[in-house]
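Listed below are the residues making up each chain.
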Amino acid sequence: MIVKTITLHKFRNYDDLTLEFPSGLNIIVGPNGAGKTNIVEAIQYLSLARSFRTSNDQELIKEGEDGASIKAILSDDGPFKKTLQIDFVTSGKKISLNGTPLKKISELKDVVNVLVFEPKDVLFFNDSPRIRRRYLDTSLSKLTSNYLDYFSRYEKLLDERNRLLKFTHPDLLAIEVITKQMVTFAKQISLYRKNFIDSLNETLPSLMANLEVKAKGELKIEYLPFVEVSKDYEQKAIEAYKKSLDNDLRYRTTGVGIQREDIVTYFRGKPIDRFGSQGQKRLVALALKLAPYYLTENKEKRPIVVLDDVLSELDGDHQQRLITLLKNWTQVFITATTFNGRDANVYEVTPTQKIVRRNFL
Ligand SMILES: Nc1ncnc2c1ncn2[C@@H]1O[C@H](COP(=O)(O)OP(=O)(O)OP(=O)(O)O)[C@@H](O)[C@H]1O
Ligand SMILES: [Mg+2]
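Bear in mind that the values here come from a model prediction, so they are computed numbers and not experimental data.

### A short note on the environment of Met 208
Of note, Met 208 is situated in helix α4 (residues 172–211). What Met 208 contacts, discounting residues up to four positions off in sequence, is Leu 219, Phe 267, Leu 283, Val 284 and Ala 287.

Structure below.
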């Protein structure tokens, strides 16, 4: 699926803007503050109904206005088209597909899928585990049909367990019953996470070989589950929750479970968070973010890729390698302050919001 056209109305710094995009590589250039990220933010918003820059939708509405909208025409590069419209109002947002309101935001995952890489992703390895879990959860929600369902059911049960833990005299029997139910979903989630990490480990070496000039980087992701994924998972998980119960009662929250898991990345045999250079972390984080592209088996569903401000952070060789890798991908958007390459559609954003398409492929 690609974005054929996008129309922004009162979105961020734009009054009204319509852009047409072909498949392949699209580069959005312009000076700082011109509105480049705002365009890719709108594109990315289509896939999750959540901005990668803010969790507050109100920030997306142009200052001084009451509402905003993003309208996109999506297509599989054939005659079949879909119209996705998101209207922001002060009380929230409305999303409709071909004129019909969506029942659940999760339906979007079957409409359009966008992978984003931005400069702050260099912190991926040093940030809190929550960031890495979010990566696993978002990737898996898009790659499989059941993950999100298992995950939300686990989270609901976890909320309920935490609620019960907050009573002065907690109902221990009810906690036990809920914990048992949690284990059923934890097992599925953990299995999905393990399989995903196994596939990452198979995919990453060739992806890294394309990105790295010397291409001898060995990369390994290790999953740190709270209970080993094995035959007696249920029993071990129940034991783990039981062992944590005294602490849980003291702190009034659940201290173990899939909501506390993490991954460790080894680059050339060493944990990258402690031994990697900034540039290495950036490239490896980029490889991780891009990997789901290859893991999407159905080619029609392969994600659109957004790289915000990434080129300027890479040296010339790495820039060239990245462009060479991405130019055959379904649809890619890259923002940059300058771009002198040839193999792309270039859009120049000027501070007056005029957008000039420089060369057509
Ligand atoms: N809700 C809003 N209303 C009006 N203007 C906004 C709003 N949100 C952001 N802006 C403005 O949009 C402008 C462009 O932002 P954007 O982040 O897209 O720039 P950019 O081209 O990516 O710049 P850089 O190269 O520095 O990353 C900024 O001047 C910012 O103040
Ligand atoms: Mg920007």
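### Quick word on unusual backbone geometry
In the Ramachandran plot, Asn 98 falls in the positive-phi region, its phi being about 50° despite a non-glycine side chain. Mapped onto the secondary structure, Asn 98 falls in the loop between β6 (92–97) and β7 (100–101). Looking at Asn 98, the relative accessible area reads 47%, which means it is partly exposed. The backbone phi angle of Arg 252 is positive, close to 60°, even though this residue is not glycine. Examined against the element boundaries, Arg 252 turns out to sit in the loop between α5 (233–251) and β10 (262–267).

### Quick word on the pattern of salt bridges
Evaluation of the coordinates by the stated rule reveals 20 salt bridges. With a closest N to O distance of 3.8 Å, Glu 65 and Lys 10 form a salt bridge. Remark: Lys 10 occurs in the loop between β1 (2–9) and β2 (16–20) and Glu 65 occurs in the loop between α1 (36–48) and β4 (68–75); sequence separation between them is 55 residues. For Lys 10, a relative accessible area of 18% translates into the label buried. With a closest N to O distance of 3.1 Å, Lys 194 and Asp 198 form a salt bridge. Separated by 4 residues within a single helix, Lys 194 and Asp 198 lie in helix α4, roughly one turn from each other. When its relative accessible area of 35% is taken as the criterion, Asp 198 is described as partly exposed.

### Let's talk about the packing of helix α2 (residues 129–143) against helix α7 (residues 278–295)
For any two helices packed against each other, the geometry is given by the interaxial angle and the distance between the axes. Where α2 meets α7, the closest approach of the two axes is 11 Å, and the angle between their N-to-C directions is 15°. Between α2 and α7, the crossing angle belongs to the class labelled roughly parallel. With respect to the hand of their crossing, α2 and α7 are arranged in right-handed fashion. Listed contacts from α7 to Tyr 135, Ser 139 and Leu 143 of α2 are Leu 288, Lys 289, Pro 292 and Leu 295. The residue makeup of the contact of α2 with α7, split by class, is 5 nonpolar, 1 polar and 1 charged.

### Structural notes on the site of ligand 1
Taken together, 16 residues are adjacent to ligand 1, and Gly 33, Lys 36, Thr 37, Asn 38 and Ile 61 come closest. The separation between an oxygen atom of ligand 1 and a polar side-chain atom of Lys 36 is 2.7 Å. The separation between a nitrogen atom of ligand 1 and a polar main-chain atom of Ile 61 is 2.9 Å. For ligand 1, the accessible surface in isolation is 660 Å², of which the surrounding protein chains cover 71%.

### A closer look at the sheet that holds strand β11 (residues 270–271)
Spatial ordering of the open sheet is given by β9-β10-β11, a layout of 3 strands whose pairing is antiparallel. Sheet topology places β9 (219–224) and β11 at the edges, where each strand pairs with a single neighbour. Bridge count for β9 against β10 is 6 bridges, and the pairing is antiparallel. Looking across to β10, one finds that Leu 219 is bridged to Phe 267. Lying over the sheet, α4 contacts β9 and β10, oriented at roughly 170° with respect to β9.

### Side note on the domain arrangement of the chain
Taken domain by domain, the chain holds domain 1 (1–113 + 296–361) and domain 2 (120–295). If you average the C-alpha positions of domain 1 and of domain 2, the two centres end up 29 Å apart. On the side of domain 2, 23 residues touch domain 1, which itself brings 23 residues to the contact. Summed over both partners, the interface of domain 1 with domain 2 comes to about 2000 Å²; 62% of that surface belongs to carbon and sulfur atoms. When the area that domain 1 buries against domain 2 is broken down by residue, the three leading residues are Lys 109, Arg 321 and Trp 329, summing to 28%. Taken together, the connections running from domain 1 to domain 2 amount to 1 salt bridge. Ionic pairing is found between Arg 282 and Glu 313, a salt bridge with its closest N-O pair at 3.0 Å.

### Here's the deal with α1
Within α1, 12 of the 13 residues are buried, which leaves the element mostly enclosed by the surrounding structure. Within the sequence span of α1, burial applies to Lys 36, Thr 37, Asn 38, Ile 39, Val 40, Glu 41, Ala 42, Ile 43, Gln 44, Tyr 45, Leu 46 and Ser 47. Backbone geometry just after α1 places Ala 49 at a positive phi near 55°.

### A look at the pairing of strand β8 (residues 114–117)
Both faces of the sheet carry side chains from a regular strand, because those side chains alternate between them. Across the two faces of β8 the burial is the same, with Val 114 and Val 116 and Leu 115 and Phe 117 all buried. For β8 and strand β12 (residues 304–308), the ladder comprises 4 bridges, and the chain directions are parallel. Note that in β12 the partner of Phe 117 across the bridge is Leu 307.

### Quick look at α2
An α-helical turn contains 3.6 residues, so a residue and the one three or four places further along point in the same direction. The first and last C-alpha atoms of α2 sit 21 Å apart over 15 residues, in line with the 21 Å expected at 1.5 Å per residue. Three or more residues of α2 are buried, namely Arg 132, Arg 133, Tyr 135, Leu 136, Asp 137, Ser 139, Leu 140 and Ser 141. Against α3 (147–165), α4, β10 and α7 lie the buried residues of α2.

Rules used throughout
Residues numbered from 1 in each chain as written. Chains lettered and ligands numbered in written order. Predicted model: local features only at pLDDT ≥ 70, side-chain atom pairs only at ≥ 80, totals over all residues. Heavy atoms only, no water. Helix = DSSP H or I, 4+ residues; strand = E, 2+ residues; numbered from the N terminus. Contact = heavy atoms within 4.5 Å. Buried < 20%, exposed > 50% of the residue type's maximum accessible area, 1.4 Å probe, protein only. Salt bridge = Lys/Arg side-chain N within 4 Å of Asp/Glu carboxyl O. Axes fitted to C-alpha atoms, helices over the stretch in contact; angles between N-to-C directions. Parallel < 35°, antiparallel > 145°, perpendicular 65-115°, else oblique. Left-handed = near helix turned anticlockwise from the far one by under 90°. Nonpolar A, V, L, I, M, F, W, Y, C, P; charged D, E, K, R; others polar. Near = heavy atom within 4 Å. Polar contact = N/O pair within 3.5 Å; in protein donor to acceptor, adjacent residues only side chain to side chain. Areas by Shrake-Rupley, 256 points an atom, 1.4 Å probe, with all protein chains shown as cover. Pairing = 2+ DSSP bridges. Domains from an automatic or database assignment. Buried area = accessible area lost by both parts, 1.4 Å probe. Expected span 1.5 Å × (residues − 1).

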